[in-house]
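# Residue-level structure breakdown
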Amino acid sequence: MSTTLVKPAEVERKWFLLDAAGKPLGRVAAEAAVLLRGKNKVNYTPSVDCGDSVVIINCDEAVLTGNKLEKKFHYSHSLYIGGLKKTQYATLMAENSDKAMVYAVKGMVPSNTLGAKAMTRLHCYKGAEYANAAQKPEKVEF
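This section reports on the structure supplied with the text.

Cut-offs applied
- Residues numbered from 1 in each chain as written.
- Predicted model: local features only at pLDDT ≥ 70, side-chain atom pairs only at ≥ 80, totals over all residues.
- Heavy atoms only, no water.
- Axes fitted to C-alpha atoms, helices over the stretch in contact; angles between N-to-C directions.
- Helix = DSSP H or I, 4+ residues; strand = E, 2+ residues; numbered from the N terminus.
- Parallel < 35°, antiparallel > 145°, perpendicular 65-115°, else oblique.
- Left-handed = near helix turned anticlockwise from the far one by under 90°.
- Contact = heavy atoms within 4.5 Å.
- Nonpolar A, V, L, I, M, F, W, Y, C, P; charged D, E, K, R; others polar.
- Salt bridge = Lys/Arg side-chain N within 4 Å of Asp/Glu carboxyl O.
- Buried < 20%, exposed > 50% of the residue type's maximum accessible area, 1.4 Å probe, protein only.
- Polar contact = N/O pair within 3.5 Å; in protein donor to acceptor, adjacent residues only side chain to side chain.
- 1 Å grid on protein atoms, 1.4 Å probe; cavity = no way out; pocket = protein on both sides within 12 Å on 5 of 7 lines; lining within 4 Å.
- Points joined across faces, edges and corners; volume = space filled by probe spheres on them.
- Core = buried A, V, L, I, M, F, W, Y, C linked by side-chain atoms within 4.5 Å.

### As for the packing of helix H1 (residues 25-37) against helix H4 (residues 97-106)
The contact between H1 and H4 brings their axes to 8 Å, and the two run at 55°. Accordingly, the angle class assigned to the pair H1 and H4 is oblique. Read as a crossing pair, H1 and H4 show a hand that is right-handed. For the pair H1 and H4, contact is made by Leu25, Val28, Ala29, Ala32, Ala33 and Leu36 and by Ala100, Met101, Ala104 and Val105, respectively. Each residue belonging to the contact of H1 with H4 can be placed in one class, and the counts come to 10 nonpolar, no polar and no charged.

Pasting the structure below:
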């Protein structure tokens, strides 16, 4: 039995649309990470970037379950002494819910060049209007 390995020139990319309204932030991010990596395809190859482009809309309406709004924080560091900044997810979701979605997806893709390339194909929007309508993304139900 032989294994089929896809070459980068043979990859066919599509556009997918995910609606985050009323769904948990992590569930939407997990589905987006699978689509970005191409793990839903039959010809998935781990060493080749065979993922698709993903548009996530209604990030404002994504929910965090439990007490995560009060107890969860996003940490960033400026690489200077005392440069640690922490932001509570209640403020992050109120002001920059699209960034919260990007942070969640970024934690679910690999930390290498394949993951960085996949993150360039992620587009998150706070509301229902999005700028990628010309690509005619296919709506994904999950």
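That was the structure; now back to the text.
### As for the pattern of salt bridges
Using the criterion set out here, one finds 5 salt bridges in the structure. A salt bridge links lysine 139 to aspartate 19; the nearest nitrogen and oxygen atoms lie 4.0 Å apart. You can see lysine 139 sitting in strand E6 (residues 138-139) and its partner aspartate 19 sitting in strand E1 (residues 15-19), a full 120 residues away along the chain. For lysine 139, a relative accessible area of 46% translates into the label partly exposed. Here aspartate 19 falls in the buried class, since its relative accessible area comes to 17%.

### With respect to the side chain of aspartate 52
Structurally, aspartate 52 can be placed in the loop between H1 and strand E2 (53-57). Within the structure, the side chain of aspartate 52 is placed 3.1 Å from the backbone nitrogen of lysine 14, a separation counted as a polar contact. Among the polar contacts listed, one links the side chain of aspartate 52 to the side chain of lysine 41, at a separation of 3.0 Å. In contact with aspartate 52, not counting residues within four places along its chain, are Glu12, Arg13, Lys14, Phe16, Leu35, Leu36, Asn40, Lys41 and Arg121.

### A look at the layout of surface pockets
As a volume, the largest pocket reaches approximately 150 Å³. Together, Pro24, Leu25, Gly26, Arg27, Val63, Leu64, Thr65, Lys68, Lys72, Tyr89, Ala104 and Met108 line the largest pocket. If one sorts the elements of the lining of the largest pocket by residue count, H1 sits on top with 3 residues. Residue composition of the lining of the largest pocket, by class: 7 nonpolar, 2 polar and 3 charged.

### Concerning the nonpolar core
Nonpolar side chains tend toward joint burial in soluble globular proteins. Among the nonpolar cores identified, the biggest contains 28 residues, and Leu18, Val54, Ile56, Met101, Val105 and Leu122 are the most heavily contacted of them. Elements with a minimum of two residues in this core: E1, H1, E2, helix H3 (89-95), H4, helix H5 (113-119) and strand E5 (122-124). Among the elements that take part in this core, H1 stands out by supplying 7 residues, more than any other. Excluding anything up to four places from it in sequence, methionine 101 contacts Ala20, Leu25, Val28, Ala29, Ile56, Cys59, Ala62 and Cys124.

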